[in-house]
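# Results of the structural survey
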Amino acid sequence: MSFSTRKWNNFLTEQLLIESRLKNTIKKFPEIDPEVIKQLSLSDPSGKNAYLMWMTQAMKDSGAGIYTVPGLARERIFDIVPIVNDFHKAKQRISQLNKNRKQAGKSLYPNDINQFRSLDELEGFIDNLGLSSSEEKKREKEAALGGATIMQDDEDFFVIRPLTKESSCFFGRKTKWCISAERSQNYYDSYTRQGKSFYFVLNKNLPENSNFKKIALVFDKGGEFDEWFDTPDNGYSSEHELKNVLLFNILAPAIKGMGMAVEDSDIDEIAEVFRNPSALEEYLGEDVDEDDRGPEQRINRKVYKGIVDYLKKHGNDLPVDVSEIPELGSTTLYDVDMAAEVFNGIADHTWGQMYADATSDTMDNPAGSFDYDELHEAEQNAGLQHIQVYYDEYDAGEWTWNAFIDISMEDSPFNLLQYSNPDFDEDEPESEENFKYGDYDDVYGGSYSDEDDIMQTIQSAFDSAGMYIDRVEQVDTGNFRLEMEPDYGESPAEGLEGFVEFLNRLKRYDKNFPEAEEQAYNDLQDNDQAIDPQSKLDDKQNWVQMLKTMKHLAYDVKSGKMDVFGKAIFEIPNMMRNFKEMQKFFPALPDGEVQAISKTPEQREIYKTQEELVRQLQYYLNREMGSKDFAKGLVRHLEAKILAAQPEQYRDQLRQMGLPGIKKDRKPSEEVFPDHLLFTQNFAFSPQLELLANITQGQKDAGELSIGDRKIEGAHGIGGFGFFNMDLKFLKQLAEQDPQQFAGYINGFKWMDENWQDVQDMIGQYVSDNLVKTAKKLKGKPELADLEREDIAQSARAARPKSGLAEMGCGAPKPKTRIRIKIK
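Residues numbered from 1 in each chain as written. Predicted model: local features only at pLDDT ≥ 70, side-chain atom pairs only at ≥ 80, totals over all residues. Heavy atoms only, no water.

### Brief notes about the packing of aromatic side chains
Per the stated rule, a full pass over the model turns up 34 aromatic pairs. When the centroid spacing of 6.4 Å and the interplanar angle of 50° are considered together, the rings of Phe 225 and Tyr 355 count as tilted. Taken as a pair, Phe 225 in strand β5 (residues 225-229) and Tyr 355 in helix α13 (residues 336-364) lie far apart in primary sequence, 130 residues in all. Each ring, one from Tyr 372 and one from Tyr 391, has its centre 5.5 Å from the other, and the planes form 45°; the classification is tilted. Taken together, the positions of Tyr 372 in helix α14 (residues 372-382) and Tyr 391 in strand β7 (residues 388-395) put the pair 19 residues apart, joining distant regions of the chain. In textbook terms, an aromatic cluster arises when at least three aromatic residues are bridged by ring pairs, as seen for Tyr 51, Phe 87, Tyr 109, Phe 116 and Phe 125. The ring of Phe 404 has Arg 481 lying over it, and the distance from NZ or CZ to the ring centre is 3.9 Å. (Phe/Tyr/Trp six-rings, centres within 6.5 Å; stacked < 30°, edge-to-face > 60°. Helix = DSSP H or I, 4+ residues; strand = E, 2+ residues; numbered from the N terminus. Lys NZ or Arg CZ within 6 Å of the ring centre and 35° of its normal.)

Put into structure tokens, the structure is as follows:
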């Protein structure tokens, strides 16, 4: 078989394989449009449909099979294909990395796309793998050049103006310029917003270690030269010194061509000297025979001759005619004035051209400048629906901007409310002049002074919804303007970038507007400033009044949410048993606090150690019992106790409350109690346990109402708990749709308040019952390692008094030692 025949057969085999993979994929995924799969096939980076099955599965996982609009599936291709393409490009690199990882005994990276279970997993792997160094440099340069203007690029200089922070960082590498900093704060944007333009000059002929390899030129917004900086970031204002550097860069190849090192110290010796006739004359020496010159003058003249020869040979691109530079002869006189004039001309014209180009570019493209069209385009792109943006150029290049929302109480939803009349007199008969609720204009009647509370409620509602309003102004009766000012980084001083940042914040606000409007609508009612005549808010006012009369539980309403909360002081029963159980896995725990009339220093030390261990355990127990899972168990425990009517005397009370969950079709004799009494999803518990110490007198005084006639000694806890962020809108809807269930929830709070001491006992019992189980979850925690030390336990047992006697000196009889255990 000939080579061409084999090649043709291989081609046919490959084509059959590609078509087979396409058919199999279409057959396996009938729910996906075949045209979409074909489009994936055309985009397969292997060119052989090697990734087609995997990409189609990713398409299905993203929901393509249920799309009603085929276009959405095609859009998803733009998410899948680039990631798979990156993986395909990285396969060779992965193989090389795996060779190194195998030699190092490390696990290998996946090199087969089928090893990835999802597109997100593949994307995460690619992101962690990163780009190869060559790809990274290539992309960086492409991005940097995309944000820069090349001003000059010849055999001596590369001059570029960076237009972005990224390009400034890229072209300013190996410098200490703050405008090119990558690891510390970068000031490029800050200086650009001040109207500063930067031009980077690469002196191509200077060595890499030269302080002048790269220099930065700074121009102000008027196109005037400001200053320049060397590579280490030293600033200079002298243009004469700058010209020396530029001239020296032009002459450097001649110096290298003579086998001499090019160093920064030569700038003054050559560039500076060659531009000064008297200095040049001294440098070259008198015009005498060569044999009569000293070694230094012979070297200087050799350098001069080499530079002149180089310039005349390579000077076609120089801005002056170098043919006029005088030659040095062995005995002929030479014109230092003419020579210095030519070298000065090279320096002056080189800098002059850079200066003119930079000035023209700065004037044509001022740093940080923008116009009305750019602002308008940015505003249109933001797509704001509810917020108006105002911007104005009050002086040439000087802008101001802000934003506002107009709220009218005559518009929906606020026109649906009836507003509370502060002048209503309940003792007077109702008339046109004496009404309790009315339309907004009826109540406020054009008086601005009475609307301050309304404005404050609206501003607070918008703030609560994440729309921070700087100022509210009243336009006229019932019409308010909510103003937003630029924040840090959003002011006109930040340029167009600041305006875009301002719009980005407004876009977030715009999305929150419906929520803020609804919040204001609810808050006006919650603050008794208005009512919704379509709802039975009188019932709501009744249950709010009930909440106000609670003795032990407090309530708070803010921003459309309600909290009902209290502080429980509870005894933890059965602590001796709990300590014994916990000693099985935390042997260093004490049996309880042993108090003796006389303790030896050793005893005191071991007891002190154990007390500290208990404090550490308490800290982590508090954290565990403050978790959502523990709180959920606790509130279900409270429900079970209440709903089981234990103690018995509460059964009739519960039956009369109309609790939620009671079967409406039950028989009269059938007692069925609800499954849920409380807002379990809103419950939170934050305990502070004391397993050894007794309750302090200050705690007793502060918790007198909570403690009541209970006697709390030994192990106890103080726990803040309650039901938080209950949505008032939900409560109102529940009151309308299911009054019985609503009453059950409200009466649940009432029952807890009326039976507060029993509730606290229930909490203490639940904490005690779950203490050992919770502590066991902490076993193995490094911070509690000492609790597992058997040597501490042995020392504690050895230190514990074995009899009623303690050792006394001088053969005295051993008095009885009183031992008291503070934990029950």
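Read on for the rest.
### Some thoughts on the sheet that holds strand β8 (residues 398-408)
Taken in spatial order, the four strands of this open sheet run β7-β8-β12-β11, and their pairing is antiparallel. In this open sheet, the two strands that pair with only one neighbour each are β7 and β11 (471-476). Averaged over all neighbouring strand pairs, the angle between strand axes comes to 30°, with direction disregarded. Alignment of β8 against strand β12 (residues 479-484), held across six bridges, turns out to be antiparallel. The residue of β12 that forms the bridge with Asp 406 is Arg 481. Sheet strands in contact with α14 are β7 and β8, and its direction is about 170° off that of β7. The strands touched by helix α17 (residues 495-526) are β7, β8 and β12; relative to β8, the strand with the most contacts, the crossing angle is about 10°. (Pairing = 2+ DSSP bridges. Axes fitted to C-alpha atoms, helices over the stretch in contact; angles between N-to-C directions. Contact = heavy atoms within 4.5 Å.)

### Points about a negative patch on the surface
The grouping of Asp 371, Asp 373, Glu 374, Glu 377, Asp 392, Glu 393, Asp 395 and Glu 398 at the surface amounts to a negative patch. Elements with a minimum of two residues in the negative patch: α14 and β7. Locating Asp 395 in the fold gives a position in strand β7. You can call Asp 395 partly exposed: its relative accessible area is 47%. (Patch = residues over 30% accessible without salt bridge, like charges linked within 9 Å, V, L, I, M, F, W, Y side chains within 5 Å. Areas by Shrake-Rupley, 256 points an atom, 1.4 Å probe, with all protein chains shown as cover. Salt bridge = Lys/Arg side-chain N within 4 Å of Asp/Glu carboxyl O. Lys, Arg positive; Asp, Glu negative; His and termini not counted. Charge placed at Lys NZ, Arg CZ, Asp CG, Glu CD. Buried < 20%, exposed > 50% of the residue type's maximum accessible area, 1.4 Å probe, protein only.)

### Regarding the pattern of salt bridges
Under the counting rule described, the total for this entry stands at 21 salt bridges. Look at the salt bridges and you will find they share partners, linking Arg 471, Glu 473, Glu 483 and Glu 485 into a network.

Interpretation in functional terms is not warranted from these geometric data alone.
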